[in-house]
Amino acid sequence: MNKDFIQRIGFLLLFVCIITTLFFLGAIIYFIFVKGISIISWEFLTQSPHNAMTEGGIAPVILGTLYLTLGAMIFAVPLGLACAIYLCEYSPKSVVVNIIRVSINNLSGVPSVVFGLFGLAVFVNFFNFKVSILSGSLTLGILALPLIISASQEALIAVPHSIREASLSLGASRWQTIKRIVLPTALPGILTGIILSVGRVAGETAPILFTAAAFYKKGYPKSIFSEVMALPYHIYALMTEGTHPDKQKAIAYGCSLVLLFLVLFISGIAIYMRQRQRSYYG
Amino acid sequence: MAFASLFFLVGIMLVLFKEGTPIFKEVGFFQFIFGTKWYPTYEPPEFGILPLILASLWVTFGAILVCFPLGIGSALYLNEIAGTSQRKFLKPLIELLASIPSVVYGFFGLVVVAPFLQRLFNLPTGLTALTASLILGIMATPAVCSIAEDALSYVPRSFREASFALGANRWQTLTKVVIPAAGSGLSTAVILGMGRAIGETMTVLMVSGGAAVMPKTFLEPVRPMTSAIAAEMGEAPMGGSHYHALFAIALILFLITFIFNIIAEVISRRFRIKLGLSG
């Protein structure tokens, strides 16, 4: 057989692969958009659910997701950033750094339901925070931690050595150099990582299953110790619980569209930023 | 603070051990792992998780059959065939698709794929191991593609140029030079994809059907480990045998993904050394 003929067949196969991938993923987005768009209205986005989850809107549900995500970030961002700064700027290359690096990789591979169990055993039961926004936020925060650490680390490593050395040679201390020179330079990269992890955390369901989520809760959450409704869990609950499957399904379409839009929008911003940074640095 | 990640990793392990091991004392480690009956709420209860482990393996294996060709094929297309402008558009698009939440995939599987498969094969229920495999496979594809594309882009230009100089065409270069050179990087992508698939919870919880029996065919409902934990933890009384059994399942799941991650780590380090990149 002619080698150019084989090449043509091979390239066609690869083309089919990527088209199939894009087709399936496009189909999911298209389907949820088409079915969900008719549900979305101003009322749907701003009202509370009523009549046993068959009517009304999802405003408290959206708010719940925002609280949980915000809480997770308040916990994970300072911790993750501190960890990344230590690893890049202070620690000598050593066994310890290697162990920490491996632990970061492994933590990011832990199944999300295992984070949920950890949250249940430690935050809900041991610290007695109960099923609450606090427990859920902390659990999600641990899940976001490795993402934030590795993104920040990457951004810090990308800062050229010459800038650091210039600052040190002017008599600045290491901490001054980090605060005034390295962090501002790495900031866009760090922000990108944070935004990406926001997108991930907002869509996670399994970790909040036993630590924060409630199927139905009247009104808006009052404190960080109250249970909360959240978009991803709401979709799951609407499809598996309750007594009016058909009406609930319609609302689930609406929720899916809102969640999909939210996550794709947030991740889209982050990926766009990263793309621009990459072309900026070459 | 730098030890936060290590602290939490060890913390998770300790909690799983503490809450999970009591069940081994109660029913015995081997009876727990190899027992074929999972009736945690019966009187007396039976705690054998072999059906759950097998279900997880089946579903993961099925998912790999979907995401391996699609993910690696797409990565090869992106890296070798797509022009610069096409790649600039497609690579971020694939990354964006990787961020779709798993519960949305589960929802899609529940309302579209399951009814379709039910009609296609004339089944009593569309919620089967096959449905879970398909959805999981599609879900893992963007991630596998992204990691594989990174691995391919590490293959030095000089490798390709040497091959072209010997008169090989692009396909020959791809199959005989680029893929072998990037081989360990590509296998890292697949192993990480497997780790994700076996630990994925919401999609399998929603579409696998949930029957805790020994899986016989792909067209029957199954109950993978993650879905057992997620579905039953709400009802398991705290501190009881069922509670401990679910933590023990999580412990086994954690160890499996831990091993996957370590293997991926070792392979990718060797890969970098082989291509002369810094470890």
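Shown above is the structure to which this text applies.
Sequence order as written defines residue numbering, which begins from 1 separately in each chain. Chain letters and ligand numbers both follow the written order, the letters beginning at A and the numbers at 1. Confidence filtering applies because this is a predicted model: local features only for residues at pLDDT of at least 70, side-chain atom pairs given and counted only at 80 or more, and all residues used for totals across whole chains, interfaces and linings.

A. Just the overall build of chain B, in detail. Strands here mean DSSP runs of E at least two residues long; helices mean DSSP runs of H or I at least four residues long; both are numbered from the N terminus. The helix and strand inventory of chain B stands at 11 helices and two strands. For chain B, the sequential pattern of α-helices and β-strands runs α-α-β-β-α-α-α-α-α-α-α-α-α. Taken along the three principal axes of its C-alpha coordinates, chain B extends 75 × 50 × 30 Å. Backbone-placed C-beta atoms define the burial measure: a residue is buried with 20 or more other C-beta atoms within 10 Å of its own, exposed with 12 or fewer, and partly exposed in between. Classification of the 279 residues of chain B by burial places 52% in the buried group. By definition, residues are in contact whenever their C-beta atoms, placed on the basis of the backbone, come within 7 Å of each other. Counted over contacts in chain B with a minimum sequence separation of 6, partners at least 24 positions apart contribute 72%.

B. Fine view of the overall build of chain A. A tally of regular secondary structure across chain A gives 11 helices and two strands. Walking chain A from its N terminus toward its C terminus, one meets helices and strands in the order α-α-β-β-α-α-α-α-α-α-α-α-α. Considering only C-alpha atoms, chain A reaches an extent of 70 × 70 × 35 Å along its principal axes. Looking at the 282 residues of chain A, the share that counts as buried comes to 50%. Summarising the internal contacts of chain A: among those between residues at least 6 apart in sequence, 77% fall at separations of at least 24.

C. Local environment of the packing of helix H4 (residues 95-109) of chain A against helix H6 (residues 133-157) of chain A. All names here are of chain A. An axis is simply a line fitted to the C-alpha atoms; with a helix, the fit covers only the stretch in contact. Between two such axes, the angle follows the N-to-C directions and lies from 0 to 180 degrees. It is at 8 Å that the axes of H4 and H6 come closest, and there the two elements cross at 135 degrees. The pairing of H4 with H6 is recorded here as oblique in orientation. The interaxial crossing formed by H4 with H6 has left-handed handedness. Counting all contacts with H4, which are made through Ile104, Leu107 and Ser108, the residues of H6 involved are Leu145, Pro146, Leu147, Ile149 and Ser150. Classes in brief: Ala, Val, Leu, Ile, Met, Phe, Trp, Tyr, Cys and Pro nonpolar; Asp, Glu, Lys and Arg charged; the others, Gly included, polar. For the contact of H4 with H6, the per-class residue count stands at six nonpolar, two polar and no charged. Should an angle fall under 35 degrees it is called roughly parallel, over 145 degrees roughly antiparallel, and 65 to 115 degrees roughly perpendicular, with every other angle called oblique. Crossing handedness: left-handed means the near helix sits turned counterclockwise from the far one by under a right angle, and right-handed means the same turn made clockwise.

D. Focus on the nonpolar core. Any set of buried Ala, Val, Leu, Ile, Met, Phe, Trp, Tyr and Cys residues joined through C-beta atoms within 7 Å is what this text calls a nonpolar core. Among the nonpolar cores identified, the biggest contains 184 residues, and Ile249 and Ala250 of chain B are the most heavily contacted of them. The element best represented in this core is helix H6 (residues 129-153) of chain B, accounting for 16 residues.

E. Quick peek at the environment of Ile271 of chain A. Position of Ile271 of chain A among the secondary structure elements: in helix H11 (residues 245-281). Given 23 C-beta atoms within 10 Å, Ile271 of chain A falls into the buried group. Along the backbone, Ile271 of chain A and Val228 of chain A are 43 residues apart, and their C-alpha atoms lie at a distance of 30 Å. For Ile271 of chain A, the residues in contact, after removing those within four places along its chain, are Pro92, Glu95 and Leu96 of chain B.

F. Broad picture of the environment of Asn79 of chain B. Residues and elements named next belong to chain B. Along the chain, the position of Asn79 falls in helix H3 (residues 50-81). Each C-alpha atom, one on Asn79 and one on Asp150, is 8.9 Å from the other, the two residues being 71 residues apart in sequence. Those residues in contact with Asn79 that lie beyond four places of it in its chain are Glu149, Leu152 and Ser153.

G. Seen up close, the interface of chain B and chain A. Each side of the interface is counted separately: chain B has 59 residues, and chain A has 68 residues. A total of nine residues in the side of chain B that touches chain A trace back to one element, the largest contributor, which is helix H11 (residues 241-274) of chain B. Broken down by class, the residue content of the side of chain B that touches chain A amounts to 40 nonpolar, 15 polar and four charged.

H. Inspection of the environment of Ser256 of chain A at higher detail. Examined against the element boundaries, Ser256 of chain A turns out to sit in helix H11. For the pair Ser256 of chain A and Phe33 of chain A, spaced 223 residues apart in sequence, the C-alpha separation works out to 8.7 Å. Non-local contacts of Ser256 of chain A, meaning those with residues more than four positions away in its chain, are made with Ile32, Gly36 and Ile235 of chain A together with Val104 and Phe107 of chain B.

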